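One-letter residues, chain by chain:
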Amino acid sequence: MDLDRDGIPDIVSGSYSPGHLYVFRGLGAGKFAEATEIRDFKGRKIHAGRIDRRGEPIGIENLAASPHVVDWDGDGDLDLLVGNILGHVILIPGERRDGKEVFGPRRVRLEAAGELITVGDGDAGPTTADWDGDGRVDLIVGGGDGRVQLFRNVADAGPPVYAAGVDLVGPARDLWEPTLHDGERPVRPAARAKPCVVNYDGDGLLDLLVGDLQPMRQRERSLGPKELARLKEIEVELAEVEARINAYFRRLAEEKRDFDPEAADYVVLGDRQGRLLKERGDLRPGETLHGFVFFYKRLPTGR
């Protein structure tokens with residue numbers, strides 16, 4: 001999409017934590033500039049949730065930001081739809097100031113059939129397309145449970161009004177249970193479905209491409225005595241670190257403080273946990289995470 005309207009396509013991306021939104025501005029010839037944070041007209045970083053006085057994100061609703069750029073309300077300005085870890089879809093409207101197209105401070109949580117949209121198992125991934133060919137732009141949202149839902153736009157004109165969601169792709173079973181070995185081919189999306197609507201095969205019908213996060217089993221290998229002893233030490237250390245992390249979150253809840261993923265005490269614990277998990281994974285292969293893209297071919301009406 002062309003965020004800055006210079007005739008050259010750009011790439012817009014979210015991030016997991018703390019949920020900043022980024023643009024890789026197109027330079028032409030398939031090249032892109034380094035990522036820069038998307039900001040509002042006051043120069044503040046844009047997020048899908050609350051911010052503090054410095055403009056920094058507060059609370060978990062900013063996490064796992066998944067943006068989609070579209071002229072949502074048909075007023076000629078580009079708007080942002082942002083999915084977040086709670087499964088919500090947030091509208092950040094665009095507006096014009098001093099002749100420039102900018103994003104304002106407003107954040108609106110979208111509804112369907114009079115209810116706030118919340119997709120299964122969080123991690124909403126929104127996109128838009130005229131799925132039913134009625135000339136109105138519909139909302140399509142992937143969820144953490146592997147589901148992809150269609151919210152039809154039933155408004156006669158103006159901003160969209162969405163009907164209740166229907167499944168285009170149903171939820172996954174055994175969401176985080178690795179059922180395949182590393183290297184085998186899965187048959188459907190698992191967690192954190194992210195859809196894209198496109199005429200992929202050139203037959204004139206809109207198809208679905210769905211990216212996911214898929215846990216898979218690694219193949220076991222034999223360990224020597226020293227490796228087995230180190231593995232036991234790692235398990236003890238991991239239990240200690242995880243107990244301290246759990247205590248940290250209990251303390252936050254008791255003190256009614258928001259989680260800050262960049263807090264020094266949490267970063268130390270998280271880094272140690274990550275190193276231990278990597279070392280354990282090298283010694284005792286268990287699970288590995290892969291991302292796949294699935295193609296769902298659209299069939300003609302009535303088939």
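Residues numbered from 1 in each chain as written. Predicted model: local features only at pLDDT ≥ 70, side-chain atom pairs only at ≥ 80, totals over all residues. Heavy atoms only, no water.

Peer 1: What am I meant to see in the side chain of His 20 here?
Peer 2: Here His 20 shows up in the loop between strand E1 (11-13) and strand E2 (22-24). By relative accessible area, His 20 is classed as buried at 7%. A polar contact is formed between the side chain of His 20 and the side chain of His 47, at a distance of 2.7 Å. Once you skip the residues sitting within four places of it in the chain, His 20 turns out to touch Ser 13, Gly 14, Ser 15, Glu 37, Lys 45, Ile 46, His 47, Glu 56 and Pro 57. (Helix = DSSP H or I, 4+ residues; strand = E, 2+ residues; numbered from the N terminus. Buried < 20%, exposed > 50% of the residue type's maximum accessible area, 1.4 Å probe, protein only. Polar contact = N/O pair within 3.5 Å; in protein donor to acceptor, adjacent residues only side chain to side chain. Contact = heavy atoms within 4.5 Å.)

Peer 1: I tried to follow the nonpolar core on my own but got confused; where do I start?
Peer 2: Among soluble globular proteins, nonpolar side chains are generally buried collectively. Ranked by size, the top nonpolar core spans 15 residues in total, and within it Ile 38 and Leu 80 carry the most contacts. Every element with two or more residues in this core is listed here: strand E9 (79-83) and strand E10 (89-92). Leu 91, Ala 124, Val 141 and Phe 151 belong to the second-largest nonpolar core, a separate cluster that totals 14 residues. (Core = buried A, V, L, I, M, F, W, Y, C linked by side-chain atoms within 4.5 Å.)

Peer 1: In this structure, what is going on with a nonpolar patch on the surface? I would like to understand it.
Peer 2: On the surface, a nonpolar cluster with roughly 280 Å² of combined accessible area is contributed by Val 198, Tyr 200 and Phe 295. You can call Phe 295 partly exposed: its relative accessible area is 38%. (Patch = residues over 30% accessible without salt bridge, like charges linked within 9 Å, V, L, I, M, F, W, Y side chains within 5 Å. Areas by Shrake-Rupley, 256 points an atom, 1.4 Å probe, with all protein chains shown as cover. Salt bridge = Lys/Arg side-chain N within 4 Å of Asp/Glu carboxyl O.)

Peer 1: Before we go on, may I ask you to explain the pairing of strand E12 (residues 100-103) in this structure?
Peer 2: Consecutive residues of a regular strand have side chains that alternate between opposite faces of the sheet. Pairing analysis gives four bridges linking strand E11 (residues 94-97) to E12, with the strands arranged antiparallel. Bridge assignment links Arg 97 to a residue of E12, and that residue is Lys 100. Connecting the antiparallel pair E11 and E12 is a turn made up of two residues, with Asp 98 showing a positive phi of about 55 degrees. (Pairing = 2+ DSSP bridges.)

Peer 1: Please clarify how helix H1 (residues 225-255) should be interpreted in this entry.
Peer 2: Since one α-helical turn is 3.6 residues long, residues separated by three or four positions face the same way. For H1, spanning 31 residues, the distance from its first C-alpha to its last is 46 Å, which sits close to the expected 45 Å at 1.5 Å a residue. For H1, every residue scored as buried is listed here: Leu 231, Ile 234, Leu 238, Val 241, Ile 245, Tyr 248 and Leu 252. Structurally, H1 contributes buried residues whose contacts are with helix H2 (264-283). Looking one or two places after H1, you find Lys 256, whose phi comes out positive at around 55 degrees. (Expected span 1.5 Å × (residues − 1).)

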